[in-house]
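Chain by chain, the residues run as shown.
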2 protein chains.
Amino acid sequence: MKHNFGAGPCILPASVLEQAAQAVKNWDNSGLSILEVSHRSPKFEEVVQQTEELVRELLEVPEDYAVLFLQGGASTQFSMIPQNFLQKHQKAAYLDAGLFGHKSIKEARYFGEVEVVGSSAGAAYAMVPEIGTVTKDTAYFHCTSNNTIEGTEMFTFPDLGVPLICDMSSDIFSRVIPIEQFDLVYAGAQKNMGPAGMTLVLVKNELLDTVKHPVPSMSDYRIYRDNQSMFNTPPVYSIYVAMLNLRWLKANGGVAQIEKDNIAKAAMLYAEIERNPLFYGMADKAHRSRVNVCFKMHDLAKEDDFLSFAAERGMVGIKGYRTAGGFRASLYNALQIDSVKALVACMQDYEKHSLLSYGNN
Amino acid sequence: MKHNFGAGPCILPASVLEQAAQAVKNWDNSGLSILEVSHRSPKFEEVVQQTEELVRELLEVPEDYAVLFLQGGASTQFSMIPQNFLQKHQKAAYLDAGLFGHKSIKEARYFGEVEVVGSSAGAAYAMVPEIGTVTKDTAYFHCTSNNTIEGTEMFTFPDLGVPLICDMSSDIFSRVIPIEQFDLVYAGAQKNMGPAGMTLVLVKNELLDTVKHPVPSMSDYRIYRDNQSMFNTPPVYSIYVAMLNLRWLKANGGVAQIEKDNIAKAAMLYAEIERNPLFYGMADKAHRSRVNVCFKMHDLAKEDDFLSFAAERGMVGIKGYRTAGGFRASLYNALQIDSVKALVACMQDYEKHSLLSYGNN
């Protein structure tokens, strides 16, 4: 039995994978694989429409927002956003709360002026920084709701009187977030939505209406909106599996229910990290993420040993990001609480094992 | 029995689909789905490496070319190419030989000056136009090797003394093309390479070395090259299935063998189109594509009836592109000659059926 704590691409529900495999062989008894059908076939157009409806329903997306399916991951959004909404003579405000936010700042600087209105870089990104002054002439404010690498999460979002844009790659669909507070939300699919290869964008039409300069087609959100995300061939299979996964989420009570489950999973793991004398949490308590739980060992020399110990017990993907070190257990929607119990038991076993080893030395 | 003549996403070999489905359930007995593994896992890094090696071997890619896997389809390349290689004060030469070439021209104009050095637009793109004068100060010359919508194909490529860039989306891996004649080749994967969601780029390092201006990361070919196509999360499943499909191609004799098969398939279908008094080919004979065979009926009013007749006999995806009309039978690598025989038989049966109907009226 594997317990997949990978940070993304990540665990998906077993029932979704079963259907996703079947569709590769023979999609809905069509005699064709989902991989070899035209994206312009009525049957696939229905998939796109159903996926959009599920997104709208599960996230309670207001009607005046477009729901778009793109390619290129969140990293492509790092440049598409300023390419659409930031011009040379303008400035945008960015929060520097983690490695991905930091990368988004670098990309925005190709297009206009960036003002970093808060940074926790000096504190190893262990907390979400406070937001400084954002003047009314700012094109938009950009933040990251969950910092996947550093394990911090924003639980409230500011009303600054300028458009609010947020990278929600790793916590979208994991908790209730009022979309109407935002002007644009984006997320790489490969956490709680589906397999890698697709990016979700929710964008207020009012924000799109502000774009007056020419934008190349594949970078222009309006082109995706006006072509139901099918200006060119979309990532067919990623969209299809996302639809299956969102159906699973809906059948399991939707976002409000999964949020309760996710809170319970995170609480259980953080409790063990605090209790267990071998480990400590990396993020400030007030900002620690419910999605990516980052922790280290007081005795750094033991980390490799614990990794092997955990791997032998079926734990997958708990090594921390290469620049952050330590461990990271990602508790995405499809991860069952039994997997968290298994990891907690593993940490407790390792504690006993260490005491024994120590006794023997 | 379905005969899938779809223009893309298109038919893939049954054995590839079988393995692709198995990997979604349990990848190589890892206990994990290919959809839920980290792209940074050694096992997936090996997939990327193997896919690159297969591309290099099958296409005989010279060593000084980078092999890159991107997202966004060929349409994204329409803007990435000028973004990298065409600056405001420069001009590039484009061949306008079909709808996709036409789109690439529009996108290039966001970045610099475009000179259309040949166009068959006035002749409904029924042939590949002759190439006019290309001056030595031209940044590059861009063409499309196979026009998927119009059913024409280039069989020779010019040496113009400027970098040669080619969209090979629909005929790459279908015939032997000397890559060393080109400076950059690109192709959406969803024809002869794999499922939608991935784009292949082959680019000469020398061309990349000419880029001196700042380019946003996700549009910068050098970033993909220097990060083995993993600057961010790649389209994991599309790459994996492409690897399986290229293995199949290699096991079946490689590109030289498949080219012979493809020539035979196209010859068989064109022969019937010429013989059958109800049909005629849309492309000029000298330029007609071996990949996308486009044809019409002399009696336009019968086209819907033939479509239904063919659909009842298992023919899938033979309706022409919406702006081109008529029929299009795509003969990609995985399409067996038996499917072509079935289509020919269907056309012959329809001919008999029409004569009978005519006799009854």
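Residues numbered from 1 in each chain as written. Chains lettered and ligands numbered in written order. Predicted model: local features only at pLDDT ≥ 70, side-chain atom pairs only at ≥ 80, totals over all residues. Heavy atoms only, no water.

Visitor: Is there a simple way to think about the relation of the copies chain B and chain A in this case?
Guide: In summary, the two copies of the chain are related to each other by a rotation about an axis coupled with a shift along it. After a rotation of 180° and a shift along the axis of 0.0 Å, chain B superposes on chain A with an RMSD of 0.0 Å. Viewed as a symmetry operation, the transformation between the two copies matches a two-fold axis. Minimal C-alpha separation from the rotation axis in chain B is found for A21 of chain B, amounting to 2.3 Å. Same-surface contact between copies: 100% of interface residues of chain B are shared with the interface of chain A. (Least-squares fit on C-alpha atoms with pLDDT ≥ 70 in both. Contact = heavy atoms within 4.5 Å.)

Visitor: Could you clarify how one ought to interpret the packing of aromatic side chains in this entry?
Guide: Both the distance between ring centres and the angle between the ring planes are used here to describe each pair of aromatic rings. Residue and element names in this part refer to chain A. If you walk through the whole model with that rule in mind, you get 25 aromatic pairs over all chains. Between the aromatic rings of Y94 and Y140, the centroid separation amounts to 5.8 Å while the plane-to-plane angle is 65°, which identifies the pairing as edge-to-face. Taken together, the residues span a long stretch of sequence, with Y94 in strand β3 (residues 91-96) and Y140 in the loop between β4 (113-119) and β5 (141-144) at a distance of 46 residues. Here Y94 falls in the buried class, since its relative accessible area comes to 1%. (Phe/Tyr/Trp six-rings, centres within 6.5 Å; stacked < 30°, edge-to-face > 60°. Helix = DSSP H or I, 4+ residues; strand = E, 2+ residues; numbered from the N terminus. Buried < 20%, exposed > 50% of the residue type's maximum accessible area, 1.4 Å probe, protein only.)

Visitor: Looking at this model, I keep getting lost on the packing of helix α2 (residues 42-59) of chain A against helix α7 (residues 236-251) of chain A. Mind explaining?
Guide: Residues and elements named next belong to chain A. Relative to each other, α2 and α7 sit at 40°, their axes nearing to 9 Å. Relative to α7, α2 is oriented oblique. For the element pair α2 and α7, the recorded crossing hand is left-handed. Facing α2, whose interface residues are F44, V47, V48, Q50, T51, L54, V55, E57 and L58, α7 presents V236, I239, Y240, A242, M243, L246, R247, L249 and K250. Split by residue class, the contact of α2 with α7 holds 13 nonpolar, 2 polar and 3 charged. (Axes fitted to C-alpha atoms, helices over the stretch in contact; angles between N-to-C directions. Parallel < 35°, antiparallel > 145°, perpendicular 65-115°, else oblique. Left-handed = near helix turned anticlockwise from the far one by under 90°. Nonpolar A, V, L, I, M, F, W, Y, C, P; charged D, E, K, R; others polar.)

Visitor: Explanation requested: empty space enclosed by the protein in the structure shown.
Guide: Empty space among the atoms becomes visible once a probe the size of a water molecule is rolled across them. Taken as a whole, this structure holds 8 cavities of 30 Å³ or more when the rule is applied. In this model, the largest cavity occupies a volume close to 340 Å³. The wall of the largest cavity is formed by 29 residues, among which T76 of chain A together with T76, M80, M218 and S219 of chain B lie closest to the centre. Counting only elements with at least two residues in the lining of the largest cavity, the list comes to α3 (73-85) of chain A together with β2 (65-70) and α3 (73-85) of chain B. Taken together, the residues of the lining of the largest cavity sort by class into 14 nonpolar, 15 polar and no charged. Volume-wise, the second largest cavity comes out at about 80 Å³. Contributing to the lining of the second largest cavity are 13 residues, with Y237 and S238 of chain A together with A196, Y237 and S238 of chain B lying nearest its centre. Listing elements by their share of the lining of the second largest cavity, those giving two or more residues are α7 of chain A together with α7 (236-251) of chain B. (1 Å grid on protein atoms, 1.4 Å probe; cavity = no way out; pocket = protein on both sides within 12 Å on 5 of 7 lines; lining within 4 Å. Points joined across faces, edges and corners; volume = space filled by probe spheres on them.)

Visitor: Which parts of the structure should I look at to understand the sheet that holds strand β11 (residues 279-281) of chain A?
Guide: What links the strands of a sheet is backbone hydrogen bonding, and the strands pair in either a parallel or an antiparallel sense. All names here are of chain A. Taken in spatial order, the 3 strands make up an open sheet running β11-β12-β14, and their pairing is antiparallel. In the strand order of this sheet, the two ends are held by β11 and β14 (327-330), each with one partner. Averaged over all pairs of adjacent strands, the angle between strand axes in this sheet comes to 35°, irrespective of strand direction. Sheet topology note: the strand β12 (residues 292-297)/β14 ladder contains 4 bridges and is antiparallel. (Pairing = 2+ DSSP bridges.)

Visitor: Help me understand the UniProt feature "binding site: pyridoxal 5'-phosphate" (unreviewed entry) in chain A, please; the structure alone is not making it clear to me.
Guide: As recorded in UniProt, the feature "binding site: pyridoxal 5'-phosphate" (unreviewed entry) lies at A74, S75, F100, T148, D167, Q190, N232 and T233 of chain A. With the annotated positions falling across 160 residues, the maximum pairwise C-alpha distance of 30.6 Å shows that they are not confined to a single cluster. Looking at where D167 of chain A falls in the secondary structure, it is placed in strand β8 (residues 164-167). Contact partners of D167 of chain A, with chain neighbours within four places excluded, come to A74, F78, H142, C143, T144, S145, N146 and Y186 of chain A. Mapped onto the secondary structure, Q190 of chain A falls in the loop between β9 (184-188) and β10 (199-204). With near-sequence residues (within four places) excluded, Q190 of chain A lies in contact with G8, P9, C10, P195, A196 and M198 of chain A together with T233 of chain B. (UniProt positions renumbered as here; feature names shortened; annotations may be inferred.)

Visitor: Could you clarify how one ought to interpret the pattern of salt bridges in this entry?
Guide: Close approach of charged atoms allows side chains with opposite charge to pair. In the structure shown here, the tally under the stated rule is 36 salt bridges over all chains. Notably, a salt bridge pairs D226 of chain B with R225 of chain B, separated by 3.0 Å at the nearest N-O pair. Under the relative-accessibility criterion, D226 of chain B is labelled partly exposed at 49%. Among the residues examined, R225 of chain B registers a relative accessible area of 26% and is labelled partly exposed. As a salt-bridge pair, K341 of chain B and D338 of chain B come within 3.9 Å of each other at their nearest N and O atoms. Note that K341 of chain B and D338 of chain B are positioned in helix α10 (residues 337-360) at a spacing of 3 residues, about one turn of the helix. Since its relative accessible area comes to 44%, K341 of chain B is described here as partly exposed. Salt bridges sharing partners connect three or more residues here, namely K91, E115 and D137 of chain A. (Salt bridge = Lys/Arg side-chain N within 4 Å of Asp/Glu carboxyl O.)

Visitor: What exactly am I supposed to notice about the interface of chain B and chain A here?
Guide: Size of an interface: often given as the accessible area lost when the parts come together. Each partner contributes to the interface: chain B provides 53 residues, whereas chain A provides 53 residues. Each partner contributes to the roughly 4,000 Å² buried at the junction of chain B and chain A, and carbon and sulfur atoms together form 59% of this total. Contact with chain A buries area across many residues of chain B, yet P9, L35 and E36 of chain B alone supply 15% of it, more than any other trio. On inspection of chain B and its partner chain A, the count reaches 2 salt bridges. Across the pair E18 of chain A and K25 of chain B runs a salt bridge, and its minimum N-O distance is 3.8 Å. At the junction of chain B with chain A, the criterion picks out 14 residue pairs in polar contact (both at pLDDT 80 or more). The set of elements that each furnish at least two residues to the side of chain B that touches chain A consists of α1 (14-25), α3, α4 (99-108) and α7 of chain B. By residue number, the principal contributor to the side of chain B that touches chain A is α1 of chain B, which donates 6 residues. (Buried area = accessible area lost by both parts, 1.4 Å probe. Polar contact = N/O pair within 3.5 Å; in protein donor to acceptor, adjacent residues only side chain to side chain.)

Visitor: Is there a simple way to explain the pairing of strand β8 (residues 164-167) of chain B in this structure?
Guide: A regular strand places its side chains on the two faces of the sheet in alternate fashion. Residues and elements named next belong to chain B. Going residue by residue along β8, you find L164 and C166 tucked away on one face and I165 and D167 tucked away on the opposite face as well. The sheet contact formed by strand β5 (residues 141-144) and β8 spans 4 bridges and is parallel. Looking at β8, one finds that C143 is bridged to C166. Pairing between β8 and strand β9 (residues 184-188): 3 bridges, direction parallel. Following the sheet pairing, I165 is matched in β9 by L184.

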